[in-house]
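Residues per chain are reported as follows:
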Amino acid sequence: MTIRIGNAPCSWGVEFADDPRNPDWRRVLRENAQAGYTGIELGPIGFMPEDPVLLAEALEEEGQTLIGGVVFRPIHDPSKWDEVLDASLRTCRALKAHGAGHLVLIDSISPRRAPTAGRAGDAEQMDGAEWAAYRDRIAHLAKIGHEEFGLTVGIHAHAAGFMDFEPELERLLEEVDDKILKICFDTGHHSYAGFDPVAFMKRHMDRISYMHFKDIDPVVKADVIARGTGFYDACGQGIFCNLGDGDVDFPAVRQILLDHGFEGWCTVEQDCDPTLPDTDPLGDARINRTYLQSIGF
């Protein structure tokens, strides 16, 4: 088994390319290397340079491999389709330029879903026509990534979007060809949604092409779900704790990967608020790498 461990700019608080709170992209690359990782995700398109020569030089300088990139956009909103498509195409081009393999599709937070993150029974559902159009937009993006750019495309469930809870994820998997759409499985978001990530992995490892390692503080989770706290406020309250400190059973996750001969990248994602005084992305990245090494990664 060959599993490689990477990290992502969101562990430094980078969610949107134009956020003035973002750290410098070169600092993220440098600190990722200092923390012991050899691979990194692209982050939101526009955070790292879209000039392939400039980025390639920086990656080489820090000994980093570009793993993949995330399109975190409102796929649920048909009026934002041009924005979604533009971000997807730009991300695909950047990944292709650097030989990265994974395009990750995430439906971003919807005001219709935000108050019910973690509460599947209370969440608003799309009607039949809205779901069909939504599914077809995801399939269209997957087809572009797979057929035009040769990427492995994975759907990623995310708190407070319309692809959040296990039943809707499984419904999408049934309705979209597995040749074009795999799963980028995020252990933390699956727990946040109220489901068992280990049980899901056991059922769907044949479709999982890429992993995001994230842990969840169960005390914070219970509080933010009860209060209907928004996703980014929950991040500020520390819902995503260091790996091994939360309710995700990472030794069991590792064993499932071993049992299925998984090969490829697993990427740490510890979403945080970079402006909080006690935020230490480099320190957390080191702790997470040490923890993963301690359990055999």
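Participant: Would you explain the environment of His102 in this entry?
Facilitator: Following the sequence through the fold, His102 ends up in strand E5 (residues 102-107). Sequence separation of His102 and Gly68 is 34 residues, and the distance between their C-alpha atoms is 4.3 Å. In this structure, His102 is in contact with Ile67, Gly68, Gly69, Leu95, Thr152, Ser209 and Tyr210, ignoring residues within four places of it in sequence.

Participant: What exactly am I supposed to notice about the environment of Ala199 here?
Facilitator: Its location among the elements puts Ala199 in helix H7 (residues 197-204). Residues Ala199 and Ala132 lie 67 residues apart in sequence; the distance between their C-alpha atoms is 27 Å.

Participant: Please clarify how the pairing of E5 should be interpreted in this entry.
Facilitator: Sheet faces and side chains relate simply in a regular strand, where the side chains alternate between the two faces. By the criterion of burial, E5 is predominantly enclosed, with six of the six residues buried. For the segment spanning strand E4 (residues 68-73), helix H3 (residues 81-97) and E5, crossover handedness is right-handed. Here four bridges tie E5 to strand E6 (residues 152-155), and the two strands are oriented parallel to one another. The residue bridging His102 from the neighbouring strand is Thr152, located in E6. Crossover connection from E5 via helix H4 (residues 128-148) to parallel E6: handedness right-handed.

Participant: When you look at the state of the cysteines in this model, what are you seeing that I'm missing?
Facilitator: Two cysteines whose sulfur atoms are joined by a covalent bond form what is called a disulfide. Following the criterion strictly, the structure yields zero disulfides and no others. Left unpaired, Cys10 is separated from the closest cysteine sulfur, that of Cys272, by 8.1 Å. Here Cys235 is not disulfide-linked; the sulfur of Cys272 is the nearest cysteine sulfur, at 8.2 Å. Accessibility expressed as a relative area gives 8% for Cys235, which makes it buried.

Participant: Would you mind going over the nonpolar core with me for this structure?
Facilitator: General note: in soluble globular proteins, nonpolar side chains tend to be found buried as a group. Ranked by internal contacts, the top residues of the largest apolar core, which has 73 residues, are Met211, Phe213 and Leu257. Ranked by the residues each element gives to this core, the list is headed by H4, at seven residues. Here Met211 is in contact with Phe185, Thr187, Met201, Val253, Leu257, Phe262, Trp265, Cys266 and Thr267, once residues within four sequence places are set aside. Ranked by size, the runner-up nonpolar core spans 14 residues in total, among them Ala114, Ala159, Val224 and Ile239.

Participant: Explanation requested: the pattern of salt bridges in the structure shown.
Facilitator: Opposite charge on two side chains permits them to pair, given that their charged atoms come into close proximity. For the structure shown, the criterion picks out 19 salt bridges. Between Glu83 and Arg73 there is a salt bridge; the shortest N-O distance is 3.3 Å. With Glu83 in helix H3 and Arg73 in strand E4, this pair connects stretches of sequence that are ten residues apart. Under the relative-accessibility criterion, Glu83 is labelled partly exposed at 31%. Under the relative-accessibility criterion, Arg73 is labelled partly exposed at 23%. Connected through shared salt-bridge partners, Arg135, Asp136, Arg171 and Glu175 make up one network.

Participant: Help me out: how do you make sense of helix H10 (residues 250-259) in this one?
Facilitator: Each full turn of the α-helix corresponds to 3.6 residues, which orients residues three or four apart in the same direction. Residues of H10 that are buried: Phe250, Val253, Ile256 and Leu257. Down the axis of H10, the smallest arc covering the buried residues is 115°, so these residues share one side. Check the buried side of H10 and you find it contacts strand E1 (3-7), helix H6 (187-192), H7, strand E8 (208-213), strand E9 (264-268) and helix H11 (281-294). The first or second residue beyond H10 is Gly261, which carries a positive phi of 60°.

Criteria and cut-off values
- Residues numbered from 1 in each chain as written.
- Predicted model: local features only at pLDDT ≥ 70, side-chain atom pairs only at ≥ 80, totals over all residues.
- Heavy atoms only, no water.
- Helix = DSSP H or I, 4+ residues; strand = E, 2+ residues; numbered from the N terminus.
- Contact = heavy atoms within 4.5 Å.
- Buried < 20%, exposed > 50% of the residue type's maximum accessible area, 1.4 Å probe, protein only.
- Right-handed = clockwise from strand over helix to strand, strands pointing away.
- Pairing = 2+ DSSP bridges.
- Disulfide = S-S within 2.5 Å.
- Core = buried A, V, L, I, M, F, W, Y, C linked by side-chain atoms within 4.5 Å.
- Salt bridge = Lys/Arg side-chain N within 4 Å of Asp/Glu carboxyl O.
- Arc of directions from axis to C-beta.

From the geometry alone we can't say anything about function, so treat these as descriptive.
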